[in-house]
Amino acid sequence: NAGVTQTPKFQVLKTGQSMTLQCAQDMNHNSMYWYRQDPGMGLRLIYYSASEGTTDKGEVPNGYNVSRLNKREFSLRLESAAPSQTSVYFCASKRGRSYLSPEQYFGPGTRLTVT
Amino acid sequence: QKEVEQDPGPLSVPEGAIVSLNCTYSNSAFQYFMWYRQYSRKGPELLMYTYSSGNKEDGRFTAQVDKSSKYISLFIRDSQPSDSATYLCAMSANTGNQFYFGTGTSLTVIP
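Basis of the calculations
- Residues numbered from 1 in each chain as written.
- Chains lettered and ligands numbered in written order.
- Predicted model: local features only at pLDDT ≥ 70, side-chain atom pairs only at ≥ 80, totals over all residues.
- Heavy atoms only, no water.
- Core = buried A, V, L, I, M, F, W, Y, C linked by side-chain atoms within 4.5 Å.
- Buried < 20%, exposed > 50% of the residue type's maximum accessible area, 1.4 Å probe, protein only.
- Helix = DSSP H or I, 4+ residues; strand = E, 2+ residues; numbered from the N terminus.
- Contact = heavy atoms within 4.5 Å.
- Salt bridge = Lys/Arg side-chain N within 4 Å of Asp/Glu carboxyl O.
- Polar contact = N/O pair within 3.5 Å; in protein donor to acceptor, adjacent residues only side chain to side chain.
- Nonpolar A, V, L, I, M, F, W, Y, C, P; charged D, E, K, R; others polar.
- Phe/Tyr/Trp six-rings, centres within 6.5 Å; stacked < 30°, edge-to-face > 60°.
- Pairing = 2+ DSSP bridges.

### Comments concerning the nonpolar core
Generally speaking, nonpolar side chains in soluble globular proteins are found buried as a group. Residue and element names in this part refer to chain B. Trp35, Ile72, Leu74, Tyr87 and Met91 are the most contacted members of the largest nonpolar core, which totals 24 residues. Looking at this core, the elements with two or more residues in it are β3 (19-25), β4 (30-38), β5 (45-51), β7 (61-66), β8 (71-76), β9 (85-93) and β11 (105-110). Discounting residues that sit within four places of it in the chain, Tyr87 has contacts with Gln6, Leu21, Tyr36, Arg37, Leu47, Leu74, Ile76, Gly104, Thr105 and Leu107.

### Things to note about the interface of chain A and chain B
A common way to report how large an interface is uses the accessible area buried once the components associate. Listed per partner, the contact involves 27 residues of chain A and 23 residues of chain B. Viewed at the interface, chain B and chain A are joined by zero salt bridges. Seen at the junction of chain A and chain B, the total is two residue pairs in polar contact (both at pLDDT 80 or more). The set of elements that each furnish at least two residues to the side of chain A that touches chain B consists of β4 (31-38), β5 (42-49), β9 (87-94) and β10 (104-106) of chain A. Considered class by class, the residues forming the side of chain A that touches chain B number 13 nonpolar, nine polar and five charged.

### Some words on the packing of aromatic side chains
Residues and elements named next belong to chain B. In total, this model carries 14 aromatic pairs over all chains according to the counting rule given. Centre to centre, the rings of Phe30 and Tyr100 are 5.5 Å apart; their planes meet at 40°, and the pair counts as tilted. Within this pair, whereas Phe30 is found in strand β4, its partner Tyr100 is found in strand β10 (residues 100-101), the two being separated by 70 residues in sequence. Judged by its relative accessible area of 25%, Tyr100 falls in the partly exposed class. Aromatic pair Tyr36 and Phe101: ring centres 5.7 Å apart, planes at 45°, arrangement tilted. A residue pair is termed long-range when its members are at least 10 positions apart, and Tyr36 in strand β4 and Phe101 in strand β10 qualify at 65 residues.

### Some remarks on the pairing of strand β1 (residues 4-7) of chain A
Side-chain positions along a regular strand alternate between the two faces of the sheet. Residues and elements named next belong to chain A. Side chains Val4 and Gln6 project from β1 onto a buried face, and the interleaved Thr5 and Thr7 project onto a face without burial. Summarising the sheet, β1 and strand β3 (residues 19-25) pair through four bridges and their orientation is antiparallel. Within β3, the residue paired with Thr7 across the bridge is Gln22.

If you want it as C-alpha cells, here you go:
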C-alpha cells in the first residue's frame, strides 16, 4: 500500500516548456487535489476532482490544466511554464465528502524550478 | 482578508515545554478543523481533526475549537525534539470538498 505517489520528485524547466506532473493513489479514494506550496503562502489549491469524471478550479488555477484519468490517477499539466510557477507541488486524496472523512493524504511532493 | 490566518513563527522551545499553536478564520461555514504536521521536504500528514466546537485529545496533543471567536488551537504537552516541524491548520465546510490552509508555524524543540 503505497498511498499517494508523485512523479517526478524534482524537475527543472525553461520558461515556455511544458510538462505533466503525475499523481496516483491506491486507497480507492474518490477525491483528489493538487496544491502548490510557496514560502509564506502556505498550501494553495490549484484544482481538485471531487469524483472520477469531474474537475473544479481552486484558488490559483491560472496556467494549469488537470486530467482525472481514472479513479486512481490525477495529472497536472503546465502548458507554458513561467518562473512564477516555481514551487513545490503536492497531490492529495480523500475518501469523499468531508462528512464521510475530512482526512487528506498527501504525496511526497514535486519540486519544480522554472528558469 | 485571507480565509485562514496563522502566525508563521518561528517558535523555539526547550524540550518538555508546552507548545500552543493557533489559527483564526473568517468563514463561519467552516465545520471541520484539522492540524497537519509537515517535516522538512516531506508532505503534510494529518495529526488530528475536530468537528464543530470543543476539544479533542490524542496522547500529547490537544485540539481546541472556539467557533464563537473563530479561533482554533493545538497544544503539545511534553514537547520532544521529534516534534520539530511545521504545523499547518486547515478547515473546510460541512459538505465542502475544498480545504483552506494556514501558512504554517515552524516549531523547533531544543534538547
